[in-house]
Amino acid sequence: DTAVSQTPKYLVTQMGNDKSIKCEQNLGHDTMYWYKQDSKKFLKIMFSYNNKELIINETVPNRFSPKSPDKAHLNLHINSLELGDSAVYFCASGTFSPLHFGNGTRLTVT
Amino acid sequence: QQQVKQSPQSLIVQKGGIPIINCAYENTAFDYFPWYQQFPGKGPALLIAIRPDVSEKKEGRFTISFNKSAKQFSLHIMDSQPGDSATYFCAASINNAGNMLTFGGGTRLMVKP
């Protein structure tokens, strides 16, 4: 049973397209996150949601819009994709440590 | 501004060696220091964590050393194995809150057979 699952695992798309990444957790956590990992492995938090409410919104372009239909799901929609958006995106959950991460979505923008 | 600085960025050791990864923090409000391990194609997973009321914590072959006055902590891997090859992240948090978790830049460790 996967605790935090995200789909798709790979996403290849062209510049200017709109895409979504889905995330679901079955751990009963109130808080979910989106992280971006660049090619140098640096992990940067993008968003944090607690009980469907936005808690953290780091300096992320407004082309990125998270949506939480319920506390078990946090999806990430990206508009007008740019080359610089290419990265691995991780969903995570957990109000307190440890955070539980999904296995990532590798987004490649061509 | 990077609040948790991690070094080295990459590390290669022979099997049986003792790799050491160092982290330094600035915010004295941090009171919880976890280490995460990430294998290729996987998300980071908690490896071991320490609070500043102790100077050392050991779990199996993994040991955290903590120096509160210097605001530094480090991960030591005893008798390293090729299966330990991964990226390691130190992190720091306030009150163990996930929302307050700050990661270091990561260290790519390779253990050669």
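The following paragraphs examine the structure supplied in this document.

The rules behind these values
Residues numbered from 1 in each chain as written. Chains lettered and ligands numbered in written order. Predicted model: local features only at pLDDT ≥ 70, side-chain atom pairs only at ≥ 80, totals over all residues. Heavy atoms only, no water. Helix = DSSP H or I, 4+ residues; strand = E, 2+ residues; numbered from the N terminus. Rg over C-alpha atoms; globule rule 2.2 N^0.38 Å. Buried < 20%, exposed > 50% of the residue type's maximum accessible area, 1.4 Å probe, protein only. Contact = heavy atoms within 4.5 Å. Areas by Shrake-Rupley, 256 points an atom, 1.4 Å probe, with all protein chains shown as cover. Lys, Arg positive; Asp, Glu negative; His and termini not counted. Charge placed at Lys NZ, Arg CZ, Asp CG, Glu CD. Pairing = 2+ DSSP bridges. 1 Å grid on protein atoms, 1.4 Å probe; cavity = no way out; pocket = protein on both sides within 12 Å on 5 of 7 lines; lining within 4 Å. Points joined across faces, edges and corners; volume = space filled by probe spheres on them. Nonpolar A, V, L, I, M, F, W, Y, C, P; charged D, E, K, R; others polar. Axes fitted to C-alpha atoms, helices over the stretch in contact; angles between N-to-C directions. Disulfide = S-S within 2.5 Å.

A closer look at the overall build of chain B
Secondary structure assignment for chain B yields zero helices and eleven strands. Written out in order from the N terminus, the α and β elements of chain B read β-β-β-β-β-β-β-β-β-β-β. Rg of the C-alpha trace for chain B: 13 Å, near the compact-globule value of 13 Å for 113 residues, within the 12% margin. C-alpha atoms of chain B, sized along the principal axes, occupy 40 × 30 × 20 Å. Every one of the 113 residues in chain B was classed for burial, and the buried ones make up 47%. The contacts in chain B between residues at least 6 apart in sequence include a share of 55% that link residues at least 24 apart. A total of about 5,300 Å² of accessible surface is found on chain B, and carbon and sulfur atoms cover 50% of it. One way to put it: in chain B the 11 positive side-chain charges average out to a point 6 Å from where the 7 negative ones average out.

Looking at the pairing of strand S5 (residues 43–50) of chain A
Residue and element names in this part refer to chain A. Most of S5 is tucked away: six of the eight residues are buried. As defined by bridge partners, S5 adjoins strand S6 (residues 53–57) across four bridges and the pair is classed as antiparallel. By the bridge assignment, Asn50 is partnered in S6 with Glu53. With antiparallel pairing between neighbouring strands as the criterion, S5 and S6 make up a hairpin whose turn holds two residues, including Asn51 at a positive phi of roughly 50°.

Describing the layout of surface pockets
Considering only enclosed or pocket space, the second largest pocket measures out at about 320 Å³ in volume. Along the wall of the second largest pocket there are 21 residues; nearest its centre are A:Gln37, A:Lys41, A:Val88, A:Arg106 and B:Gly41. Elements that contribute at least two residues to the lining of the second largest pocket include exactly strand S9 (87–93) and strand S11 (105–109) of chain A. Class assignment for the residues of the lining of the second largest pocket results in seven nonpolar, nine polar and five charged.

Here we look at the sheet that holds strand S1 (residues 4–7) of chain A
All names here are of chain A. The strand order across the open sheet formed by four strands is S1-S3-S8-S7, and the pairing between neighbours is antiparallel. Strand pairing shows two members of the sheet lacking a second neighbour, S1 and strand S7 (64–70), which therefore form its edges. Each strand axis lies, on average, 20° off the axis of its neighbour in the sheet, ignoring direction. Here strand S3 (residues 19–25) pairs with strand S8 (residues 73–78) via four bridges, running antiparallel. Bridge assignment links Ser20 to a residue of S8, and that residue is His77.

Focus on the sheet that holds strand S6 (residues 56–59) of chain B
Residue and element names in this part refer to chain B. The strand order S1-S3-S8-S7-S6 describes an open sheet built from five strands, whose pairing is antiparallel. Of all the strands in the sheet, the pair left with one neighbour each is strand S1 (4–7) and S6. Strand-to-strand twist across the sheet, computed as the mean angle between neighbouring axes with direction ignored, equals 15°. Note: strand S7 (residues 62–67) against strand S8 (residues 72–77), six bridges, orientation antiparallel. Counterpart to Asn67 in the pairing with S8 is Gln72.

Some words on the state of the cysteines
Residues and elements named next belong to chain A. Within this structure, the stated rule accounts for two disulfides over all chains. Shown here is the disulfide that connects Cys23 with Cys91, its sulfur atoms set 1.8 Å apart. On the sign convention where negative means left-handed, the S-S torsion of about -75° between Cys23 and Cys91 marks this disulfide as left-handed. Of this pair, Cys23 sits in strand S3 while Cys91 sits in strand S9, placing them 68 residues apart in sequence. The buried category is assigned to Cys23, whose relative accessible area is 2%. Given the relative accessible area of 0%, Cys91 is considered buried.

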